[in-house]
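Geometric and topological summary
One letter stands for each residue in the lines below.
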Amino acid sequence: MAKMEVKTSLLDNMIGVGDMVLLEPLSEDSFINNLKKRFDHSEIYTYIGSVVVSVNPYRPLPIYSPEKVEEYRNRNFYELSPHIFALSDEAYRSLRDQDKDQCILITGESGAGKTEASKLVMSYVAAVCGKGAEVNQVKEQLLQSNPVLEAFGNAKTVRNDNSSRFGKYMDIEFDFKGDPLGGVISNFLHISGPKGERAINKDKLKLERDFSRYNYLSLDSARVNGVDDAVNFRTVRNAMQIVGFMDHETQSILEVVAAVLKLGNIEFKPESRVNGLDESKIKDKNELKEICELTGIDQSVLERAFSFRTVEAKQEKVSTTLNVAQAYYARDALAKNLYSRLFSWLVTRINESIKAQTKVRKKVMGVLDIYGFEIFEDNSFEQFIINYCNEKLQQIFIELTLKEEQEEYIREDIEWTHIEYFNNAIICDLIENNQTGILAMLDEECLRPGTVTDDTFLEKLNQVCATHQHFESRMSKCSRFLNDTSLPHSCFRIQHYAGKVMYQVEGFVDKNNDLLYRDLSQAMWKANHSLIKALFPEGNPAKINLKRPPTAGSQFKASVATLMKNLQTKNPNYIRCIKPNDKKAAHIFNEALVCHQVRYLGLLENVRVRRAGYAFRQPYELCLERYKMLCKQTWPHWRGPARAGVEVLFNELEIPEEEYSFGRSKIFIRNPRTLFKLEDLRKQRLEDLATLIQKIYRGWKCLTHFLLMKRSQIVIASWYRRYAQQKKYQRIKSSAIVVQSYIRGWKARKLLRELKHQKRCKEAATTIAAYWHGTQARRELKRLKEEARRKHAVAVIWAYWLGLKVRREYRKFFRANAGRKIYEFTLQKIMQKYFLEMKNKLPSLSPIDKNWPARPYLFLDSTHKELKRIFHLWRCKKYRDHFTDQQKLIYEEKLEASELFKDKKALYPASVGQPFHGAYLEISKNPKYKKLKDAVEEKIIIAEVVNKINRANGKCASRIFLLTKNNVLLADQKSGHIKSEVPLGDVTKVSMSSQNDGFFAVHLKEGSGAAGKGDFLFSSDHLIEMATKLYRTTLSQTKQKLNIEISDEFLVQFKQDKVCVKFIQGNQKNGNIPTCKRKNNRLLEVAVP
């Protein structure tokens, strides 16, 4: 890929002419052709001095990347090719470095790309200013305010898919470093679009997907090709979050928009009253009901506001009915006011979020993005005030441009020449004059008593403005328009700076009045919707103002005056936007349309202003840097002042003195031909310099190549000589190694022969000795075998003789003992088979496995049982061998409990499967019982909460039951204070019932210290465990078994009385806790389940 060419000047590689001031010859045709040539090559920006002319390409171009931003950053305005970034950088640096407040005015026709230009300016400033978390947040909020305002303030028109229907002027505030602090947005009258425009706000709040169901959206222009409304909606929601809108605020905004859409669907029907007056009624109340649900308004209040109007005069109130036409007017006025006030609230809310939080001195850069000049087939009041605003902008543009040009001439000490130009102040006076202006006549007609119509307004215009040269009407006194058929009777025409525009007078009076009936304002104020209530403060009955509100025209006139005053305090920068065609298509350049815009924008006049004196100006330093190669004295370096160098240069080139003038810091060139001559000379000189550079480079390259070859030859020769000597040394070395190897081989072989001879001699002697020893051994073996055979023969003969002798001796006894021998042998075999089968049929080693092989023979019954018993005892021992000491203790306790309570206490079976924990209260870990833990020094065996039974009334109280090695302690559950302490030696017996309850009595030794009040009665969920552990602990300490009495009736000692405790069946009130009731001094009944 070819490397991108970097331009170092506006004049480098120009397509056409980058600055129209240099255009030669200057005419309307050459101006248009130059724009077209640059447009065809995707060069959409052209300069007129410091003014940027932008042609809308209607397609994305790769000229706004971060690389482009860096390319134009901190560069001179004319240093690179024309771009909107160059103007933005110039304005930003002037604000930051020279402390001058700036203003960027973006003007042009609707659809020319003004809104996009303002966004590009803001994005560039955001990219080049400081960084940091707070700065980035401010920049993001400033940038994201655009999508929110565009969503609610732009619309599709017949000329533009995203036309600004509001005037937006944003003051971006910076600190002394040039970092953004915040901003303030001014809204100059939001315009409700005419038919054929598109509102872009949709939602699903009681809305249907088919937008054609809504009258305000059911136009052909409600859909835009290539625009994804869903994506745009998500973008707007995200932007609202970044700017700082809360979720409930966003929801309220969408509810208001939904209510506006539904207002357009309300229709009315006429109804005659008894007094003969016409009255309007709502046809279908479903839409009204949904509006009331969205806004929180009483349906009857809103319905009455659409049917009646209350007029207040001094102390009187008169209520009149509204006919159908008046009802529709009231509906549309309410919808318009709702949306307009919502937009104004949005601007105020955004300003609250983006305004600077500090009170330090601020620098300001203003960006004006306002609706462009509009000429439609049907032009009404909206187009009239839009075009009036553009007239004022054109006026200030002309004034500030001439002022800037004159100031530069004075600053540079150049003689100023007066310039003739068209001044549109006469048109502005026609519209805004306080006595005879059109807006004044319109306000006067609206306030006049009697019948006021659009026709009466037109008649007044014909009377007052008939002689004005820029006003035309067929009804005026001027005879030249009487037969003009292109001008209808109900219209008037104004010759604006941009051309003639014909306005339909219909609707001027109503739109200027912009009245909202007080009944509707009061109905809106009564809404339970906080946002709607805030939009209509005049609806508050306590703040009724009978003064007539200002008209729309007077409000707009005041806003424009404020804007003009603000712009005149700042240094202006201009972007003039041009629309290339009406089709909104790329690559199409309509010369007639562009010519029309060039005329009404006054671009040729602007060029003539810049060229009236001198067409081109440039600082001495830049001029000398660019053209110094044209003079031997200034090339390659000029050592003196830049102005002196430029004087030497121009004298050397023999340029006539009348073609240029020297300012204080700049050289001024009168004719573009002189500049182009300099450029041609520079181009030729650059070619000569390029040839010289090529010649010197080629010579240097050849010399460098020769020196490299020479050095290479020396290196190669040295390396070759080294290589040859190494090869020679290797040959000598290899020869010596071969000779050495042969000598070493001969000596080794000689030594090997000697060693082999010695080995053979040793092996021969060994072999002879071995053979001799073998002969001797075989002889001895043969002798021994012969002797052994003889001895064996004698033994065999003797054995046979003894056997024969025995058989003869015992033959007479054999038959008598055969039966017993056979029996014993058979029994032995059966036992052997039995034990072998038992080996393979043994059950598992689990002690609870009751399986056992069947008995095979009856005579083995006792043996079979004994084996089963022995095997069970053996596997139980094996099982016990795996127990830890703690497990042994647990099983011993369980075994003890079984011996004490099995088949005696109904509660026992339920306790078998429950492990005995003992310490149910973790006293050592719970800080609540720290005092109790410190008081008990012995090891705690049981710690549990029990219910102590009151001896007098049978009521229960919670106590902590502690069992240690020597004592039984009772403590208060809440405080942990020890109430009673009983030594184990004083406990004589524990009594309990045979029922399924946890009641038990602890009997104390009479006369002991703890037995003062008598025996203790308790109820516990772990009775079996407590009794078992108490039994074992007492046995361990006193070597005496504790008596455990299980009976449904037993006696206890209460002080001096013996009381019988009797257990009966009854209902439980407190779960499983036994209910005790003292019958008399001798009986205590315990109800158990």
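Everything numeric in this text was worked out from a predicted model, so none of it was measured.

1. Some words on the confidence of the model for the protein
- In this model, the protein carries a mean pLDDT of 81, and residues with pLDDT of at least 70 account for 88%.
- Every residue in residues 1-8 is under pLDDT 50, and counting partners more than four places away or in other chains gives 9 contacts.
- Considering only residues more than four positions removed or in separate chains, one finds that residues 193-204, a stretch of pLDDT under 50, has 39 contacts.

2. Concerning helix α19 (residues 591-601)
- Every buried residue belonging to α19 is among L593, V594, C595, Q597, V598, Y600 and L601, and all of these are buried.
- Regarding α19, its N-cap is N590, as a side-chain oxygen of that residue lies 3.1 Å from the backbone nitrogen of A592 further along.
- Remark: G602 follows α19 within two positions and exhibits a positive phi of approximately 65 degrees.

3. Some thoughts on the packing of aromatic side chains
- In this structure the tally under the stated criterion is 26 aromatic pairs.
- The interplanar angle of 55 degrees and the centroid separation of 6.3 Å between the aromatic rings of F245 and W345 together place this pair among those described as tilted. Taken together, the residues F245 in the loop between α6 (229-243) and α7 (247-263) and W345 in helix α10 (residues 324-354) connect sequence positions 100 residues apart.
- With a relative accessible area of 4%, F245 lands in the buried category.

4. Observations concerning the packing of α7 against helix α8 (residues 286-295)
- The N-to-C vectors of α7 and α8 enclose an angle of 165 degrees; their axes lie 9 Å apart at closest approach. Between α7 and α8, the angle is such that the two are roughly antiparallel. Helix-helix and strand crossings are classified by hand; for α7 and α8 the assignment is left-handed. Each of E255, A258, A259, K262 and L263 in α7 lies in contact with α8, whose residues at this interface are E287, E290, I291, L294 and T295.
- Its residues assigned to classes, the contact of α7 with α8 shows 5 nonpolar, 1 polar and 4 charged.

5. Focus: the sheet that holds strand β18 (residues 616-619)
- With antiparallel pairing, the 3 strands of this open sheet are ordered in space as β18-β20-β19. A single partner strand is all that each edge strand has here, and the edge strands are β18 and β19 (660-662). Across the sheet, the mean angle from the axis of one strand to that of its neighbour is 20 degrees, orientation sign disregarded.
- The pairing of β19 with strand β20 (residues 666-669) spans 3 bridges and is antiparallel. Considered in β20, the bridge of F662 is made with I667.
- The strands touched by helix α21 (residues 620-627) within the sheet are β18, β19 and β20, with β18 carrying the most contacts at an inclination of about 95 degrees.

Criteria and cut-off values
- Residues numbered from 1 in each chain as written.
- Predicted model: local features only at pLDDT ≥ 70, side-chain atom pairs only at ≥ 80, totals over all residues.
- Heavy atoms only, no water.
- pLDDT = per-residue confidence, 0-100.
- Contact = heavy atoms within 4.5 Å.
- Buried < 20%, exposed > 50% of the residue type's maximum accessible area, 1.4 Å probe, protein only.
- Helix = DSSP H or I, 4+ residues; strand = E, 2+ residues; numbered from the N terminus.
- Polar contact = N/O pair within 3.5 Å; in protein donor to acceptor, adjacent residues only side chain to side chain.
- Phe/Tyr/Trp six-rings, centres within 6.5 Å; stacked < 30°, edge-to-face > 60°.
- Axes fitted to C-alpha atoms, helices over the stretch in contact; angles between N-to-C directions.
- Parallel < 35°, antiparallel > 145°, perpendicular 65-115°, else oblique.
- Left-handed = near helix turned anticlockwise from the far one by under 90°.
- Nonpolar A, V, L, I, M, F, W, Y, C, P; charged D, E, K, R; others polar.
- Pairing = 2+ DSSP bridges.

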